[in-house]
Structures are given as structure tokens and as C-alpha cells.
Amino acid sequence: MSNIIEIKNLHKTYLKGVVPTKALRGVSLDISAGTFACITGPSGHGKSTLLHLMGGLDKPDTGSVHVAGQEIYQLPDKELARFRAEKLGFVFQFFNLLHNLSVLENVQIPMMFTKVPKEKQEEIALKLLTSVGLKDKVRSRATELSGGQMQRVAIARALANDPEVLLMDEPTGNLDSSAEKEVMDIVGRLHEKGKTIIIVTHEEEISRKAQRIIRIKDGCLDL
Amino acid sequence: MNKPTLIFRNLLGRKNRFTFTLSGITMGIIALVVLISLGAGLQAQIHQQARDLGANMIVTAKGWCAYEQVKVLSGAQLPDAILPEDLEKIEAIEGITVQPYLTLGSAINNEPVSVSGVRITQLKDIRKWSIREGSFPDPIEQKYGIVAGYAVADSFDLSINQTIRLRGHEFTITGIMEQHGTADDGVLFIDLQAAMEVYETQGRVSYIAVQVDDINRIEYYSRLITDTANVAVISDQQLLNSVLSVVNTVGTTLKIIAIIAILAASFGIINTMITAIYERKRDIGILKSVGSSNQTIFQIFLGESALYGLIGGVIGLIVGNGISYVITPLIAQNEFTAFVRASSVSGTIAWQDMGFILLGSILISAVSGIYPAYKAAKLTPVEAISYE
């Protein structure tokens, strides 16, 4: 199977105050299309940084990231934004829903950036929310939902533009066990449908389900 | 979902801050609209008053400034500065019609009221006065008669045959005029001779309105009058310009203050929008992570700022027009505001001016949003999304 993600010699340094901290030190890896991969490792060792760089949310110091054959850091801002909207879906630990909007509108947001007509946006969003079991919550505000429900909305939003890759940063880190099961069931179904799923997690339960485990330690791959 | 909906939701999601920031810009627009509206009414009324003066020239005492010239148009009290011998000399000039005015003051129920001594019989034709009740006083049989302007009769609830004491002399109201929409509505008119006698001016008058038979010879008569008598002459056009320049100076100053208020409100918008960046850093990150470009974030923030201007501008225009319509009749009367009170056109503002005000409001608000919008757009997605 062809690689959907190809990372070469990725370096990233952050400034903590005035002290430079190396988050990634020359990471190189490939991920095949349709893989369910977990990135694990101790806290603060570069897992989330790697995920953010895969998704074009940050800029590496050096190195390259190819997603679906495209070197994403060669793209100008506008095209990178469009690429994110079309090819990538993000799910975060703290759900990151927009509280001023309804559940339905939250799911519609990514489609606004890919110029999907309003009626079509609503149709797709409804379908996705039905698929994650939230059909009856479409008009609710995000703040009226439980943690598990919010994360399901976040997954529906991530799927709005039918992306090839789902990037999930501790998606169950803030959920109780039943909500975690609901979320992971959805993730399992998505994987079965052929989506590439990359999850940053501390939880071994999730890692066990993954086809591939990528361990990060001190900013390097722990082989 | 589209950008305008998102912009609306963002603003309405913080109702208190939205309301207070909006109030700032709205207040500024209200002030501007009221001032422009009253100014427009004032100017229109001055033009009308100048037209109704029925004179090509005004003869005044030497050395009068614009302030006194305003009073000529408003009918307010002026010093009795033209000597009887000068009046006599001017009246002797052929080819002109002369109307002397003695503008005085008195009080009814301790409220100041303007009184003018004029030759009522001639002036009523020149000014095209019409009577609502009673009749104009006969200069011989009703020497101490009063014909009251519409507004003054209405304010003091005056009636026919009612007596009013002016300088200890009893005058009787013989007539109440129709509303003419000029400063005449606010004046009690009495016979010139009676006024000179009661106010003991020894034949002096305040100013003289002069009508020239041959309009092409205004210059000639103007020179003739100043050569003949120890007075100054001002043409009706000069008088109008002089009064307008005073009014415009006051109006411009007030408008500048209103514009400063709007600019001050624009800093409120900057403040609100910068606060919004910190409050919504995570939201900015979310939008970027799901596909928003820097340009879109910039547009959203700029749109929110401009919306303050649009909503504030519309509310300001509606409320400002309403206020100027309501407060016009309540304005205390003085030399300047007498025009506004009497005006039937005050409380209005041209559509074109409203368009400019709305556009200005949107523009100022949008400009206020440029810096915050730039700052918001420049945040990296990961920086924004990691914000706690």
C-alpha cells in the first residue's frame, strides 16, 4: 500500500521562555494509507508536536512532511489551509468546539472553507451527526452536551469534508470509560471504511487496537 | 454556515461586551446626527428668514458685528442705535422704501419675550402676514395694540383683548397671526411710535430695512445712504453670509466634538477586538485547524469590527433623527436657536448625509479592526489551539 504520510528528518525547537527546547530531533517515518497508528510515549517528549506537524498546524525548523503526495510546508498559507480542510481531519483532547454555534453549525464549519453550498452543508452535517448517534442534538449548543457527545461532534466535524487522514490528539483523554468506548467504536468503524487514523495517546487499551505503534522519546523515534 | 453568520454569532455570543461597545459608537453617531439635523434646520430657517426680510439692504449703526446681525434675522432685542435725524435723512431719499425696526425685550410671567416696534400697516404687506384671530391694530385708533406671533401667543396662551404691561403701559392684543414658520412667530409686534414713546428711545430705532425700487442700483443707494447719514449698510446677501458664517463656525465646532466622540468610540472597538483575540485564541486555532486561512480570520475579525459600525450607525441614525425631531421644539430660545424653534424643516437630515454618516461609521469601525484582525490572523494554529 502506498504511503499517505512521509516524514523526513523533522526537527522542531520551541522556546520555553528564553530557553530553546528541542521537541523533535530528526524524526523520519512513513505511514501507509488506511493505517490505524498510535503515537505513544512519555508526556512532553514530542508526540503532539509530531501530530501537529503532520497536520500542517505548525512549522518545522527543518525536514519535510508529505501528505497524500503533497509537501505541505511548500504550500502558501491559503493553499495549506485549503489542504487541511480537504485532506485532514483533527480531533483534540478538549473537543475544541465553537461554543457560540449549534452542534449542526460546528459540523458545517469545515465545509464553509471548501465552499460547499449551505444546503449541502446541512445535509452532510446531519448525516454525520446521525452516524455518531447525535441526530437529536443538532440544534443544541456545544455547552449543553456531555464530554462523550462533544467528542462525537468533534469527530463528525473532522469528517465533514471526507478527509483521507484523521489526526487525533488524546481523543479519549477527557472521557469516562463508556464515552471512551463509544468514541473508539466510531474510530474502529472509520478505520474499517479505509480512513488513515493517527492517534496520540497514553492509553495502552487504545494502542493495543492499533496496527502500528510509533513510540517517541526525547524527540526521537524509540525503535 | 458562512462568514456573515459566523461573524454575527461571534458578536452576539458576547452580548454585554457587544452592547457596551456598540453603545459607544451609537452615542457618537446620535450626537452627530442631532447636530447635523439641527444645523440643517437652522440654516434652512436662516435662508427663509433672509428671504422673508423683504429688504435688499439693512441699515445698522456703525460697528455692528455678526452677533448683532444674527439678531436682525432672529428678531431679538438690539440697541436703539440709529438716531432720528439719520432715519429722517434716509427716509428722504427717493427710490427706496424704508422700514424702521425697534427691537425690544419684555417679559410675560417672568419669561423673556421679544417685542418689535414696527410700522405694522406697511410691514404686514411686505412680510405677507395673515391673521388667525382678531385684526392688525389701527395705528391711530389702536396705538397701544399688539399683534402677536403664532408661537408666542401659543406659548403664553394669549387671547384677543388681553392686556399686557410693557414698561408700565397697558397694551391690548388685537390680533394673533397665523403660523408663518419664521422668527416673526415668536415676536409681539407693536406700533413703532408707541414703542419709541413707551421705551423712551427719543426717536431712535434699532435698524432699518430698505427696499430698493430698482434692484440694479443697490450699490448706488448703499453709497448714498452712508454718505447721507452716519450709519452702516449691509446687503441682504452679506447679512445672510455673515450670519451663516457665525452659525457654521458654531456648527462645525460641535460636529468636530461629535466626530471626536466617534473616534473615541473606535478605540473602544479596538479594545474589544483585542480582548476578543485573547478570549478567542482557541477559537481562532480551531478555525485554522479545520481549514481557515489567515485571510479568512482577518476578514472575520474585520467584519466584526465593521458590523459595530453598521449596527451602531443604523441605530444612531434612527435614534438621532428621532431625538432631533423631539427636542427641536424644546430648545431654549436664544438668538441662534430662535431659528431652530421656528423652523418647520428642522429635525430632518438629507439622505445623502445619512449615507455618508453610515459609511463613515462602518469605515471608522473597520479601520479600528485592522490591527486586531492582523494580530488574530498572524497566530499560528498550534499557538492558538494550545492556548489555555
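Conventions and cut-offs
- Residues numbered from 1 in each chain as written.
- Chains lettered and ligands numbered in written order.
- Predicted model: local features only at pLDDT ≥ 70, side-chain atom pairs only at ≥ 80, totals over all residues.
- Heavy atoms only, no water.
- Helix = DSSP H or I, 4+ residues; strand = E, 2+ residues; numbered from the N terminus.
- Rg over C-alpha atoms; globule rule 2.2 N^0.38 Å.
- Buried < 20%, exposed > 50% of the residue type's maximum accessible area, 1.4 Å probe, protein only.
- Contact = heavy atoms within 4.5 Å.
- Areas by Shrake-Rupley, 256 points an atom, 1.4 Å probe, with all protein chains shown as cover.
- Lys, Arg positive; Asp, Glu negative; His and termini not counted.
- Charge placed at Lys NZ, Arg CZ, Asp CG, Glu CD.
- Buried area = accessible area lost by both parts, 1.4 Å probe.
- Salt bridge = Lys/Arg side-chain N within 4 Å of Asp/Glu carboxyl O.
- Pairing = 2+ DSSP bridges.
- Expected span 1.5 Å × (residues − 1).
- pLDDT = per-residue confidence, 0-100.
- Core = buried A, V, L, I, M, F, W, Y, C linked by side-chain atoms within 4.5 Å.
- Axes fitted to C-alpha atoms, helices over the stretch in contact; angles between N-to-C directions.
- Parallel < 35°, antiparallel > 145°, perpendicular 65-115°, else oblique.
- Left-handed = near helix turned anticlockwise from the far one by under 90°.
- Nonpolar A, V, L, I, M, F, W, Y, C, P; charged D, E, K, R; others polar.

Enquirer: Run through the overall build of chain A, naming residues and quoting values.
Expert: Within chain A, the secondary structure is distributed over seven helices and ten strands. At 17 Å, chain A has a C-alpha radius of gyration in line with the 17 Å of a compact globule built from 223 residues. The buried share of chain A, reckoned over its 223 residues, is 55%. Across chain A, the fraction of contacts at a sequence separation of at least 24, relative to all contacts at a separation of at least 6, is 71%. Total accessible area on chain A is roughly 9900 Å²; 49% of this is exposed by carbon and sulfur atoms. Side chains of chain A give 30 positive and 28 negative charges; the mean places of these two sets differ by 2 Å.

Enquirer: Tell me about the overall build of chain B, and name the residues and values.
Expert: The helix and strand inventory of chain B stands at 14 helices and ten strands. Computed over its C-alpha atoms, the radius of gyration of chain B comes to 30 Å, more than 25% above the 21 Å expected for a compact globule of 388 residues. For chain B, buried positions account for 51% of its 388 residues. A separation threshold of at least 6 residues defines the contact pool for chain B, and within that pool the share at least 24 residues apart is 80%. When the accessible surface of chain B is summed, it comes to about 17300 Å², and 56% of that surface belongs to carbon and sulfur atoms. Averaging the positions of the 28 positive and the 34 negative side-chain charges in chain B gives two centres separated by 17 Å.

Enquirer: Outline the interface of chain A and chain B, listing residues and values.
Expert: The extent of an interface is frequently quoted as the accessible surface area lost upon association of the parts. Counting residues at the interface gives 27 residues for chain A and 24 residues for chain B. Summed over both sides, the interface between chain A and chain B buries roughly 2300 Å², with carbon and sulfur atoms accounting for 60% of that surface. The largest per-residue losses of area from chain A upon contact with chain B belong to A:Asn100, A:Met112 and A:Phe113, which jointly make up 24% of the total buried on that side. At the boundary of chain A with chain B, the tally comes to one salt bridge.

Enquirer: Hey, could you go over the sheet that holds strand β9 (residues 212–217) of chain A for me, with residue numbers and the actual values?
Expert: Pairing is mixed in the open sheet, where six strands are placed in the order β6-β7-β8-β3-β9-β10 (chain A). Two strands close off the open sheet at either side, each with one partner strand: β6 (88–91) and β10 (220–221) of chain A.

Enquirer: Quick one: what's the story with helix α2 (residues 15–52) of chain B, residue by residue and with numbers?
Expert: Between the first and last C-alpha of α2(B) there are 53 Å, a value that for 38 residues agrees with the 56 Å anticipated at 1.5 Å per step. In the stretch just after α2(B), B:Gly54 is the one whose phi turns positive, near 65°.

Enquirer: Which residues make up the confidence of the model for chain A, and what values do they have?
Expert: Considering every residue of chain A, the mean pLDDT works out to 90; 99% of them sit at 70 or more. Summarising per-element confidence for chain A, the mean pLDDT is lowest in helix α7 (residues 204–209) of chain A (84) and highest in helix α3 (residues 103–112) of chain A (94).

Enquirer: Residue-level account of the confidence of the model for chain B, with values.
Expert: All names here are of chain B. In this model, chain B carries an average pLDDT of 84, and 94% of its residues clear a pLDDT of 70 or more. At the low end of the mean pLDDT range in chain B sits helix α12 (residues 337–342), at 50; at the high end sits strand β5 (residues 145–148), at 94. Across residues 332–336, confidence stays below pLDDT 50; counting only partners more than four residues off in sequence or on other chains, it has 13 contacts. Reported confidence for the predicted complex is 0.91 by ipTM and 0.73 by pTM.

Enquirer: Please give an account of the nonpolar core that cites residues and values.
Expert: Ranked by internal contacts, the top residues of the largest apolar core, which has 75 residues, are A:Ile5, A:Ile39, A:Leu50, A:Met54, A:Ile109, A:Ile198 and B:Phe301. With near-sequence residues (within four places) excluded, B:Phe301 lies in contact with B:Met273, B:Ala276, B:Ile277, B:Arg280, B:Ile284, B:Ala373 and B:Ala376. Membership of the second largest hydrophobic core comes to 41 residues, among which are B:Ile96, B:Ile146, B:Ala195 and B:Tyr199.

Enquirer: Can you lay out the packing of helix α1 (residues 3–12) of chain B against helix α11 (residues 294–327) of chain B for me, pointing to particular residues and giving the numbers?
Expert: Residue and element names in this part refer to chain B. For the pair α1 and α11, the least separation of the axes is 9 Å and the interaxial angle reads 60°. Between α1 and α11, the interaxial angle falls into the category oblique. α11 is crossed by α1, and the crossing has right-handed handedness. Two secondary-structure elements touch here, α1 through Lys3, Leu6, Ile7, Phe8, Asn10 and Leu11 and α11 through Thr296, Gln299, Ile300, Gly303, Glu304, Leu307 and Tyr308. Across the contact of α1 with α11, the residue classes tally to seven nonpolar, four polar and two charged.

Enquirer: Lay out the sheet that holds strand β2 (residues 19–32) of chain A with the relevant residues and their values.
Expert: All names here are of chain A. The strand order across the open sheet built from four strands is β2-β1-β4-β5, with neighbouring strands paired in antiparallel fashion. Two strands in the sheet have a free side with no partner beyond their single neighbour: β2 and β5 (70–71). Looking at chain direction, strand β1 (residues 3–16) and β2 are connected through eleven bridges and run antiparallel. Pairing of Lys16 across the sheet is with Val19, part of β2.

Enquirer: Outline the pairing of strand β8 (residues 187–191) of chain B, supporting the account with residue identities and numerical values.
Expert: All names here are of chain B. For β8, the tally of buried residues reaches five of five residues, placing the bulk of the element in the interior. Pairing of strand β3 (residues 111–118) with β8 involves five bridges; the strand directions are parallel. Bridged to Ser114 within β8 is Val187. Across three bridges, the pairing between β5 and β8 is antiparallel. Within β8, the position partnered with Ile146 by the bridge is Ile190.

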